[in-house]
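Structural characterization, general
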Amino acid sequence: MKVLVPVKRVIDYNVKVRVKADGSGVDLANVKMSMNPFDEIAVEEAIRLKEAGKAEEIVVVSIGVKQAQETLRTALAMGADRAILVVAADDVHTDIEPLAVAKILAKVVEEEQPGLVLAGKQAIDNDMNATGQMLSAILGWSQATFASEMGIDGDSAVVTREVDGGLQTIKVKMPAIVTVDLRLNEPRYASLPNIMKAKKKPLDEKTADDYGVDVTPRLEIVKTSEPAARAAGIMVGSVDELVAKLKEAGAV
Amino acid sequence: MAVLLLAEVTNGELAIDATAKAVTAAKALGDVTVLCAGASAAAAGDAAAMIDGVAKVLVAEDASLGHRLAEPTAALIASLAGDYEHIVAPATTDAKNVMPRVAALLDVMVLSDVSGVVDGNTFERPIYAGNAIQTVKSSDVKKVITFRTSTFDAAGEGGSASVESIGAGDDPGLSEWVEDKVAASDRPELTSAGVVVSGGRGVGSEENFALIEKLADKLGAAVGASRAAVDSGFAPNDWQVGQTGKVVAPDLYIAAGISGAIQHLAGMKDSKIIVAINKDEEAPIFQVADFGLVADLFQAVPELTEKL
Ligand SMILES: Cc1cc2nc3c(=O)[nH]c(=O)nc-3n(C[C@H](O)[C@H](O)[C@H](O)COP(=O)(O)OP(=O)(O)OC[C@H]3O[C@@H](n4cnc5c(N)ncnc54)[C@H](O)[C@@H]3O)c2cc1C
Ligand SMILES: Nc1ncnc2c1ncn2[C@@H]1O[C@H](COP(=O)(O)O)[C@@H](O)[C@H]1O
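Residues numbered from 1 in each chain as written. Chains lettered and ligands numbered in written order. Predicted model: local features only at pLDDT ≥ 70, side-chain atom pairs only at ≥ 80, totals over all residues. Heavy atoms only, no water.

When its secondary structure is counted, chain A shows 6 helices and 13 strands. For chain A, with 252 residues in total, the buried portion stands at 55%. The contacts of chain A with a sequence gap of at least 6 include a subset with a gap of at least 24, amounting to 73%. With an accessible surface of roughly 10800 Å², chain A has 49% of that area assigned to carbon and sulfur atoms. When the 31 basic and 38 acidic side-chain charges of chain A are each reduced to a single mean position, those positions are 2 Å apart. (Helix = DSSP H or I, 4+ residues; strand = E, 2+ residues; numbered from the N terminus. Buried < 20%, exposed > 50% of the residue type's maximum accessible area, 1.4 Å probe, protein only. Contact = heavy atoms within 4.5 Å. Areas by Shrake-Rupley, 256 points an atom, 1.4 Å probe, with all protein chains shown as cover. Lys, Arg positive; Asp, Glu negative; His and termini not counted. Charge placed at Lys NZ, Arg CZ, Asp CG, Glu CD.)

Structure representation (structure tokens):
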């Protein structure tokens, strides 16, 4: 079985995001970018499936600006076999919407015929939490979102999902789309020799046009603003003082 | 204009708080029809009919809809979509599972976690863990939306909408439910509680979390946790508050042994009063706290429990 893992290049999760003064977006120039943390978990899971003999090949794909090839190289260094870069924007500030991403991924799936797509549950930049579900709808495949545990059992996958009330386990027919949550695994770091080897692994470059997908956004960004700031608080010196302040504020 | 709202129904029961908050957001868009889907959903439908501002209730009962599996639920909603310009739901994990699928079936974008309605096409939503608020205008003929419940007040009772039974959609038969692991609790639900007490890595162990729980019980509060506390096995996953967990905005939020990473703040910084207890005076949580106490939580939390 082949496993396809879509990986997104996003602002590093440690970076403090700054909204541009003119309200046109957030500043991404000269900011540290990394692989979306959920996608690292997806790549790790694919590698573990391969190590367990359940998968033969891992193909990673990223859609966006040319610089996303760094993200793909990271995935290759972790252990993916092959990468596809779909260039769909020139400006690093252009975010391709999940619907367009899902349409491009659907074309890649047609070409590559994977038995499983492992995506992140959410990109930490747009916080959409949508692409896997959309891809699954377009392909007419089964979906299991927010996976914290998974196993492949013949032609189905058993997936435990993190949901509001606790955990839900479902069994989905393969081929399937699984989106991964934080507790599925702990991704490995790429070793230096593997980073060197990754440079020689195949990375195909395509464009959105090659797949005939229109990436024009459906949502026009009117403006981007700072969230309301909280008024400064105070430090209290003791539990007694805290209790008094809470009573004064009518909070208890 | 007409709005179809997917109610939150779990095992036949309506999650009234989440649904009523989404009703408040949806009312601004037009006449609201609420869809209650489940293996049994009639009682949920009757409850939904009483929410103020609901014009009509549709009840779809079918075994295939029993566990809110995405494929049959999305197929049902897509089959009803013709009559509605807006298809909405509270941003629960169930709806986040289903609604993007509905949107793609209709070839439209989804608007996730919307926190403000500007007009029928224009919406506000937090991005980058709430570090920015984006206003977007949709050019799609249908708008598929999940509403961030923590930013809307629940609609009251007093409605008397008509209830109609409808059939299920086509079940593509792609998934099967196996089991739910739900911890029963007498505490209020995290996203609707008026007070939340959360513990982080500083709490140190699952046993020590009892300190947090005792304070919560004293205050009639829900219990929350940071990702680090959940990852370390101190607390169950459904207690996680944050960018990728639950978003809460109670009247009072008490954070003990939590450093205040942006991913955690994303889930609680809209709380009315924030209290932080941390032994490190440099901890970023103090920047959002109304009342900060630099102290060892193993002393301060039991003392607070006793003195309240
Ligand atoms: C993709 C992604 C998603 C994430 N999503 C979330 C999310 O949804 N929610 C979330 O919470 N995090 C999330 N995180 C994790 C986040 O970045 C932080 O790692 C996490 O919030 C840290 O948890 P913590 O504050 O409990 O632990 P730490 O950062 O380790 O802080 C522990 C704190 O406890 C204090 N402490 C220790 N002992 C005591 C004591 N005896 N008394 C008082 N104070 C004490 C310390 O001073 C310290 O400040 C996410 C991260 C990523 C990459
Ligand atoms: N531009 C992209 N390129 C590759 N994968 C993506 C892209 N956008 C989203 N994805 C995948 O879809 C997941 C969910 O993203 P989102 O729906 O945007 O929150 C991510 O974790 C990735 O696995």
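Let us keep going from here.
This next bit is on empty space enclosed by the protein. Counted according to the given criterion, the structure contains 3 cavities of 30 Å³ or more. Those elements that provide at least two residues to the lining of the largest cavity are strand 7 (110-114) and strand 9 (122-127) of chain B. Every residue along the wall of the second largest cavity is listed here: Ile11, Asp12, Tyr13, Val15, Val17 and Ile124 of chain A together with Tyr128, Ala129, Asn131, Gln243, Ile262 and Gln263 of chain B. Split by residue class, the lining of the second largest cavity holds 8 nonpolar, 3 polar and 1 charged. Residue-level mapping places the lining of the second largest cavity at the junction of two domains, with at least three residues from each of domain 1 (2-166) and domain 2 (190-307) of chain B. (1 Å grid on protein atoms, 1.4 Å probe; cavity = no way out; pocket = protein on both sides within 12 Å on 5 of 7 lines; lining within 4 Å. Points joined across faces, edges and corners; volume = space filled by probe spheres on them. Nonpolar A, V, L, I, M, F, W, Y, C, P; charged D, E, K, R; others polar. Domains from an automatic or database assignment.)

What follows is about the site of ligand 2. All names here are of chain A. Around ligand 2, the structure places 19 residues, and the nearest of them are Pro6, Asp39, Ile63, Ala123 and Thr131. Backbone polar atom of proline 6 to an oxygen atom of ligand 2: 2.8 Å apart, as the coordinates give it. Threonine 131 is positioned with one of its side-chain polar atoms (N or O) 2.7 Å from an oxygen atom of ligand 2. Notes on ligand 2: free accessible area 480 Å², of which the protein chains cover 99%. Sorting the residues of the shell around ligand 2 by element identifies strand 4 (57-64), helix 3 (98-112) and strand 6 (116-120) as the ones contributing at least two each. (Near = heavy atom within 4 Å. Polar contact = N/O pair within 3.5 Å; in protein donor to acceptor, adjacent residues only side chain to side chain.)

Strand order in the open sheet formed by 4 strands is 12(A)-10(B)-9(B)-8(B), with antiparallel pairing between adjacent strands. Unpaired on one side and paired on the other, strand 12 (219-225) of chain A together with strand 8 (116-117) of chain B mark the two borders of the sheet. Where strand 9 of chain B lies against strand 10 (residues 132-138) of chain B, 6 bridges are found, and the strand directions are antiparallel. From the neighbouring strand, arginine 125 of chain B faces strand 10 of chain B, where its bridge partner is glutamine 134 of chain B. (Pairing = 2+ DSSP bridges.)

In the numbering adopted here, UniProt assigns the feature "domain: Electron transfer flavoprotein alpha/beta-subunit N-terminal" (unreviewed entry) to residues 3-181 of chain B. Secondary structure within residues 3-181 of chain B divides into 25% helix and 37% strand; the distance between the first and last C-alpha atoms comes to 33 Å. (UniProt positions renumbered as here; feature names shortened; annotations may be inferred.)

Turning to the environment of valine 223 of chain B, a few remarks are in order. Residues and elements named next belong to chain B. Among the secondary structure elements, valine 223 is positioned in strand 15 (residues 222-225). Sequence separation of valine 223 and valine 197 is 26 residues, and the distance between their C-alpha atoms is 5.1 Å. Not counting the four nearest positions on each side in its chain, valine 223 is found in contact with Arg187, Leu190, Val197, Phe209, Ile212, Glu213, Ala216 and Trp239.

Contacts between the two partners involve 79 residues from chain B and, on the opposite side, 76 residues from chain A. Between chain B and chain A, the buried area comes to about 6600 Å², and carbon and sulfur atoms account for 56% of it. Counting the surface chain B buries against chain A, the share from its top three residues, Met109, Tyr128 and Phe291 of chain B, is 11%. At the junction of chain B with chain A, the criterion picks out 6 salt bridges. Its salt-bridge partner being aspartate 107 of chain B, residue arginine 218 of chain A comes within 3.3 Å of it at the nearest N-O pair. The interface formed by chain B and chain A holds 47 residue pairs in polar contact (both at pLDDT 80 or more) in total. The class makeup of the residues in the side of chain B that touches chain A is 37 nonpolar, 21 polar and 21 charged. Direction of pairing for strand 9 (residues 166-173) of chain A relative to strand 13 (residues 175-182) of chain B: antiparallel, over a ladder of 7 bridges. (Buried area = accessible area lost by both parts, 1.4 Å probe. Salt bridge = Lys/Arg side-chain N within 4 Å of Asp/Glu carboxyl O.)

Here the focus is the packing of helix 5 (residues 209-219) of chain B against helix 8 (residues 297-307) of chain B. Residues and elements named next belong to chain B. Following both chains from N to C, one finds helix 5 and helix 8 inclined at 20°, their axes separated by 9 Å at the closest point. Taken together, the axes of helix 5 and helix 8 lie roughly parallel to each other. For the pair helix 5 and helix 8, the crossing hand works out as left-handed. Along the contact surface, helix 5 presents Leu211, Lys214, Leu215 and Lys218, while helix 8 presents Leu297, Phe298, Val301, Pro302, Leu304, Thr305 and Glu306. By residue class, the composition of the contact of helix 5 with helix 8 is 7 nonpolar, 1 polar and 3 charged. (Axes fitted to C-alpha atoms, helices over the stretch in contact; angles between N-to-C directions. Parallel < 35°, antiparallel > 145°, perpendicular 65-115°, else oblique. Left-handed = near helix turned anticlockwise from the far one by under 90°.)

The next subject is the site of ligand 1. Not every one of the 29 residues close to ligand 1 is listed here, only the nearest: Arg201, Ser226, Gln240, Ser259 and Asn278 of chain B. Looking at the residues close to ligand 1, they fall on chains A and B. Here an oxygen atom of ligand 1 sits 2.6 Å away from a polar atom, N or O, in the side chain of serine 226 of chain B. Contacts to ligand 1 include valine 241 of chain B, whose backbone N or O atom sits 2.8 Å from a nitrogen atom. Protein contact buries 85% of the 990 Å² of open area that ligand 1 shows by itself. Those elements giving two or more residues to the shell around ligand 1 turn out to be helix 1 (37-51) of chain A together with helix 6 (227-231), helix 7 (262-265) and helix 8 of chain B.

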